Amino acid sequence: MRSAAGSGVLSSFFTYRDFWSEGLNGSQHWNEIDWEWLGNHDDKIQTNLIIQNTWDLPELVDTNSDPHQDFHNYAIEWTPDHVAFFIDDELVRQDYSDYVSTHNTGQKIMMNIWQPIWENWVGEFDESILPVYAYYDWVKYYSYTPGEGTYGSFNNFSFAWEDNFDFFNNQIWQKATHSWSANN
């Protein structure tokens, strides 16, 4: 991935429990595991865990290069005990907190670019940067298969599928335009 640069813009890659599609309503069903590239930072990326009724556990991680200028491989490793974040195969954050155990339902893989209303987080939006883009080169998905896998920490993951984005694969992805009160 290569993220979008510019104050007021956020690029993301994350997992999300689509509780609305399950017929549920309310933040008590919310779960996310996030990579969030703040366009106003050229040396940091935010990781985050969002759970029911406790909105988040964000952490900025330092990078060795500008994530808006070069492609890098980003990974999330999610098990019942921990969530780990990797940049180019290097562990940059690991969480064993109680937050992790609340991520106990399936989640979708999502990616987007948006302009949040929170200037203290993403900076004041600068319209002169438009157009801006986030680039996603490929996605690989590995199933959690403890004791049987050949990938990930302790070989607890098995390769399931890969998409190189040569075409829009509607067997894997959905297109959507979402909005909510925090969009500018």
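To be clear, the structure that these remarks concern was listed above.
One structure accompanies this document, and this report is about it. All of these numbers come straight from a predicted model, not from anything done at the bench.

The rules behind each value
- Residues numbered from 1 in each chain as written.
- Predicted model: local features only at pLDDT ≥ 70, side-chain atom pairs only at ≥ 80, totals over all residues.
- Heavy atoms only, no water.
- Pairing = 2+ DSSP bridges.
- Helix = DSSP H or I, 4+ residues; strand = E, 2+ residues; numbered from the N terminus.
- Axes fitted to C-alpha atoms, helices over the stretch in contact; angles between N-to-C directions.
- Buried < 20%, exposed > 50% of the residue type's maximum accessible area, 1.4 Å probe, protein only.
- 1 Å grid on protein atoms, 1.4 Å probe; cavity = no way out; pocket = protein on both sides within 12 Å on 5 of 7 lines; lining within 4 Å.
- Points joined across faces, edges and corners; volume = space filled by probe spheres on them.
- Nonpolar A, V, L, I, M, F, W, Y, C, P; charged D, E, K, R; others polar.
- Phe/Tyr/Trp six-rings, centres within 6.5 Å; stacked < 30°, edge-to-face > 60°.
- Lys NZ or Arg CZ within 6 Å of the ring centre and 35° of its normal.
- Polar contact = N/O pair within 3.5 Å; in protein donor to acceptor, adjacent residues only side chain to side chain.

Before going further, it helps to spend a moment on the sheet that holds strand β3 (residues 44-50). Pairing is antiparallel across the open sheet formed by 5 strands, whose spatial order is β4-β3-β2-β1-β8. Pairing within the sheet leaves two strands with one partner each, and these edge strands are β4 (59-62) and β8 (108-114). When strand polarity is set aside, the average angle formed by the axes of neighbouring strands in this sheet is 20 degrees. The pairing of β3 with β4 spans 4 bridges and is classified as antiparallel. Considered in β4, the bridge of Gln-46 is made with Leu-60.

Moving on, we come to the pairing of β3. With 6 of 7 residues buried, β3 is to be regarded as a mostly interior element. By the bridge criterion, 5 bridges tie strand β2 (residues 32-38) to β3 in an arrangement that is antiparallel. Looking at the pairing, Glu-32 lines up with Ile-50 of β3. In sequence, β2 turns back onto β3 through a hairpin of 5 residues.

Roughly 1600 Å³ of internal volume is contained in the largest pocket. Phe-14, Met-110, Met-111, Asn-112 and His-178 are, among the 47 residues lining the largest pocket, the residues nearest its centre. Where the lining of the largest pocket is concerned, the elements lending two or more residues are β1 (10-16), β2, β3, β8 and α2 (119-122). Residue contributions to the lining of the largest pocket peak at 7 residues, all from β8. Classifying every residue of the lining of the largest pocket by side-chain character gives 27 nonpolar, 13 polar and 7 charged. Approximately 1100 Å³ is the volume found for the second largest pocket. Together, 36 residues line the second largest pocket, and Ala-75, Ile-76, Glu-77, Lys-140 and Tyr-142 are the ones closest to its centre.

A word on the packing of aromatic side chains. Taken as a whole and judged by the stated rule, the model has 21 aromatic pairs. Taken together, the aromatic side chains of Phe-14, Tyr-16, Phe-19, Trp-20 and Trp-30 make up a single cluster linked through ring pairs. Note that Lys-140 overlies the ring of Trp-138, its terminal NZ or CZ placed 5.3 Å from the centroid. One residue, Lys-175, lies across the ring of Phe-168, its end atom 4.6 Å from the ring centre.

Here we take up the environment of Ser-101. With respect to the element layout, Ser-101 can be found in helix α1 (residues 98-101). Of the residues examined, Ser-101 reaches a relative accessible area of 46% and is grouped as partly exposed. With 60 residues separating them along the chain, Ser-101 and Trp-161 place their C-alpha atoms 25 Å apart. Within the structure, Ser-101 has its side chain in polar contact with the backbone oxygen of Asp-98 (distance 3.0 Å).

This paragraph deals with the environment of Ala-176. Within the fold, Ala-176 resides in the segment after β10 (157-163). For Ala-176, a relative accessible area of 54% puts it in the exposed group. Sequence separation between Ala-176 and Asn-112 is 64 residues; the distance between their C-alpha atoms is 9.8 Å.

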